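Per-entry structural report
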Amino acid sequence: MRFNLVAIASFVIIIGGLSLASSIVVPFLLAVFIAIIIYPILELMSKIHINRFFAFIILIGICGSGLWFLGSVVASAILKFSTDLPLYKTKIDMFIDKLILYVKDRADIDISNNILSFINIDKLITTTSNLLLQTGSLVTQSFLVFLLLAFILFESQIFKDKVAYFATKDPTTLHIANTFISNLKRYLAIKTISSIATGVIVWGFLVLFDVPHALLWAILAFILNYIPTIGSIIAAIPAILVSLAVNGLSVTLWLTLIYLMVNVAIGNFIEPKFLGKGLGISTLVVILSLLFWGFVFGIGGMFLAVPLTMSIKIALDANPRTKFISVLLSN
């Protein structure tokens, strides 16, 4: 009993420390996961007889340019959207007023008031703005992510040598490392491809419907697609609100339908087909991990929820004393 209390207290202290250090921990974890994705490219460049140092410089240059571009585009787009936000709010308020009159003409007044009492447009817009600002702040931390990524890739060979050394002492170490890296690379690669596809398709339809800030909503769809289950839904909200303010109800309904079709097709059919049985984590655990890591690290934790939970599951599975917890997390 005393051991259990000490373990629980230690867990709470560690989680509290991680939460306080989230501004450092989240960029570091993002850098680690990005490094795992792009490290095979560095190995491939070395195999085709490109000097490892020059291969490192080329790869880091491409990654740095990509992160800088993403950060600058998102920051400038959010600034412009924030400037236009009062105009969108006014137009949406006008639409809500018309909706109230329409419902009052065709339904009992009490019923219409009860239904429309759930529509709090001010709160919805405030929540959307906060979400954009949090996502933007995460993206604009790209310099720190880039710096950490450079050091991780620079010492990648040293890390491989360390794993090989520990494998000579304990053969299970190599198996754990290979399982972790293989599963993580597969998940992140498929998620990246599906996120790019989501962003491109969404951008095409937003431009077609002449929705303002189409590039921002496409990038948001790309980024938030990394958050399982709810990310794509959240990404659709600001674009739909802006479309409602600018284009009216009929176009917005079509846009909502397109968002739904894209998310269902990619999230429910394409991704599962390539992931197969997935990462062995149950759907309930994915939802709970979103809540838990979101509480610990904020929105950054929601991006990292699945990779972190998968990492913990692999670590627990390697120890006979904690294997039962891994079974509870599995599907």
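Each remark here, short or long, concerns the structure printed above.
Now for a quick tour of the structure. (Residues numbered from 1 in each chain as written. Predicted model: local features only at pLDDT ≥ 70, side-chain atom pairs only at ≥ 80, totals over all residues. Heavy atoms only, no water.)

Here we take up the nonpolar core. Phe33, Leu206, Trp217, Tyr259 and Phe297 are the most contacted members of the largest nonpolar core, which totals 57 residues. The set of elements that each furnish at least two residues to this core consists of helix H2 (22–47), helix H3 (52–106), helix H8 (171–208), helix H9 (214–224), helix H10 (231–247), helix H11 (249–275), helix H12 (283–297) and helix H13 (299–318). For this core, the leading source of residues is H13, giving 10 residues. For Tyr259, the residues in contact, after removing those within four places along its chain, are Val202, Leu206, Trp217, Ala235, Ala236 and Ala239. Ranked by size, the runner-up nonpolar core spans 16 residues in total, among them Met45, Cys63, Val145 and Leu153. (Core = buried A, V, L, I, M, F, W, Y, C linked by side-chain atoms within 4.5 Å. Buried < 20%, exposed > 50% of the residue type's maximum accessible area, 1.4 Å probe, protein only. Helix = DSSP H or I, 4+ residues; strand = E, 2+ residues; numbered from the N terminus. Contact = heavy atoms within 4.5 Å.)

This paragraph deals with the packing of H2 against helix H6 (residues 142–154). At a closest axis distance of 8 Å, the pairing of H2 and H6 adopts a crossing angle of 50°. Here H6 runs oblique to H2, going by the angle between their axes. Crossing of H2 against H6: the hand is right-handed. Contact with H2, carried on its side by Ser23, Ile24, Pro27, Phe28, Leu30, Ala31, Val32, Ile34, Ala35, Ile38, Tyr39 and Leu42, involves Leu144, Val145, Leu148, Leu149, Ile152 and Leu153 of H6 and no other residues of that element. Taken together, the residues of the contact of H2 with H6 break down into 17 nonpolar, 1 polar and no charged. (Axes fitted to C-alpha atoms, helices over the stretch in contact; angles between N-to-C directions. Parallel < 35°, antiparallel > 145°, perpendicular 65-115°, else oblique. Left-handed = near helix turned anticlockwise from the far one by under 90°. Nonpolar A, V, L, I, M, F, W, Y, C, P; charged D, E, K, R; others polar.)

Attention now goes to the packing of aromatic side chains. For any pair of aromatic rings, the description rests on two quantities: the centre-to-centre distance and the angle between the ring planes. Per the counting criterion, the structure on display carries 4 aromatic pairs. Each ring, one from Phe53 and one from Phe54, has its centre 5.9 Å from the other, and the planes form 70°; the classification is edge-to-face. Residue Phe53 is classed as partly exposed on the basis of its relative accessible area of 48%. With 5.8 Å between their ring centres and 85° between their planes, Phe222 and Tyr226 make a pair best called edge-to-face. Looking at Phe222, the relative accessible area reads 22%, which means it is partly exposed. By relative accessible area, Tyr226 is classed as buried at 18%. (Phe/Tyr/Trp six-rings, centres within 6.5 Å; stacked < 30°, edge-to-face > 60°.)

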